[in-house]
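One letter stands for each residue in the lines below.
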Amino acid sequence: MTELHAAAMVAVISLVTIALRFLPFWIFGENRKTPPWLAYLGQMLPFAIMGMLVVYCLKDISLLSSPYGIPQLLSCAVVAALHVWKRSTLLSIAGGTACYMLLIQFVFT
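Bear in mind that the values here come from a model prediction, so they are computed numbers and not experimental data. Along each chain, numbering runs from 1 in the same order as the chain's sequence is written. For a predicted model such as this one, the threshold for reporting local features is a pLDDT of at least 70, and the threshold for listing and counting side-chain atom pairs is 80 or more; totals across whole chains, interfaces and linings nevertheless cover every residue. Heavy atoms throughout the structure, all of them, feed into the side-chain values; hydrogens and water do not.

Another aspect to go through is unusual backbone geometry. For the bond from S66 to P67, the omega torsion is 5°, close enough to zero to count as cis. Looking at the element boundaries, P67 is found in the loop between α2 (36-58) and α3 (70-86). A positive phi angle is found at Y68, which is not glycine, with a value near 65°. Per the convention used, a helix needs a DSSP run of H or I reaching at least four residues, while a strand needs a run of E reaching at least two, with both numbered from the N terminus. For Y68, the location among the structural elements is in the loop between α2 and α3.

The term disulfide is used for any two cysteine sulfur atoms that are within 2.5 Å. Per the stated rule, a full pass over the model turns up zero disulfides. Here C57 is not cross-linked by a disulfide; its sulfur's nearest cysteine counterpart is in C76, at 7.5 Å. The cysteine C99 is free of any disulfide, with C76 supplying the nearest cysteine sulfur at 9.6 Å.

For the rest of this paragraph, the subject is the side chain of S75. Secondary-structure assignment places S75 in helix α3. N or O atoms closer than or at 3.5 Å make up a polar contact, with two conditions inside protein: a donor-capable atom paired with an acceptor-capable one, and, for residues adjacent in sequence, both atoms drawn from side chains. A polar contact is formed between the side chain of S75 and the backbone nitrogen of Y100, at a distance of 3.2 Å.

Moving on, we get to helix α1 (residues 3-27). How far a helix is expected to stretch is found by multiplying one less than its residue total by 1.5 Å. Given a rise of 1.5 Å per residue, 25 residues ought to cover 36 Å, and the 36 Å separating the end C-alpha atoms of α1 matches this to within 8%. Note on bend: at a given residue it equals the angle between the axes fitted to the 7 residues ending there and to the 7 starting there. At R21, α1 shows its maximal kink, close to 35°; a proline, P24, follows between one and four residues later.

Before going further, it helps to spend a moment on the packing of aromatic side chains. Only rings of Phe, Tyr and Trp enter the pairing, Trp through its six-membered ring, and a pair is recorded when the two centres are within 6.5 Å. The plane angle decides the type: under 30 degrees is stacked, over 60 is edge-to-face, the rest tilted. Per the counting criterion, the structure on display carries one aromatic pair. Both rings, one in F22 and one in W26, keep their centres 6.0 Å apart while their planes meet at 25°; by these two values the pair is stacked. Linking F22 with W26, this pair stays in helix α1, spanning four residues, or about one helical turn. Three labels apply to residues, based on accessible area from a 1.4 Å probe with only protein chains included: buried if under 20% of the type maximum, exposed if over 50%, partly exposed otherwise in between. Taking relative accessible area as the criterion, F22 reaches 43% and is therefore assigned partly exposed.

A separate point is the layout of surface pockets. For the largest pocket, the calculated volume is near 650 Å³. A cavity here means a set of points on a 1 Å grid, drawn over the protein atoms and nothing else, where a 1.4 Å probe fits but cannot get out; a pocket is an open set with protein on both sides within 12 Å along at least five of seven lines, and a residue lines either one if it has an atom within 4 Å of a point. As for the largest pocket, its lining consists of 19 residues, and the residues nearest its centre are V54, C57, C76, V79 and I93. Looking at the lining of the largest pocket, the elements with two or more residues in it are α2, α3 and α4 (89-107). When residue character is reported, Ala, Val, Leu, Ile, Met, Phe, Trp, Tyr, Cys and Pro are called nonpolar, Asp, Glu, Lys and Arg charged, and the others, Gly included, polar. Along the lines of polarity and charge, the residues of the lining of the largest pocket split into 11 nonpolar, seven polar and one charged. Grid points are joined across faces, edges and corners, and a volume is the space filled by probe spheres set on the points.

This next bit is on the packing of α3 against α4. Look at α3 against α4: their axes get within 8 Å of each other, and the N-to-C directions meet at 155°. With respect to their mutual orientation, α3 and α4 come out roughly antiparallel. In this structure, the crossing between α3 and α4 has a hand that is right-handed. Here P71, Q72, L74, S75, V78, V79, L82, H83 and K86 of α3 lie close against α4, whose contacting residues are T89, L91, S92, G95, G96, C99, Y100, L103 and I104. Only the stretch in contact is used when fitting a helix axis, every axis being a line fitted to C-alpha atoms; angles between N-to-C directions are given from 0 to 180 degrees. An angle below 35 degrees is read as roughly parallel, one above 145 as roughly antiparallel, one from 65 to 115 as roughly perpendicular, and any other as oblique. Take the far helix as your reference; a near helix turned counterclockwise from it by less than a right angle gives a left-handed crossing, and one turned clockwise gives a right-handed crossing. Residues count as neighbours in contact if any of their non-hydrogen atoms are within 4.5 Å of one another.

Spelled out as structure tokens, the structure:
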């Protein structure tokens, strides 16, 4: 890839990113009310995305070979427990990730 192609690619990616960031403000200005269907999507999509991420993370677990999915399931339990206890998404994700990394690095090697 030449320097010109690389610069053009960075420019296009930058313009698309900027356009996507400003698009909601252009469409729904200060005086325009957000449609109910869009507000509904804004409320429901985070839960749907989290569900998809859980399925994606657990899809390759092999229950028939070692470690039998134990690190993944223990980490999911840690995420759920932390979220019920503290109601902090960031803490839950960080705690679950740390638990998983510690389990696969030191316990299930």
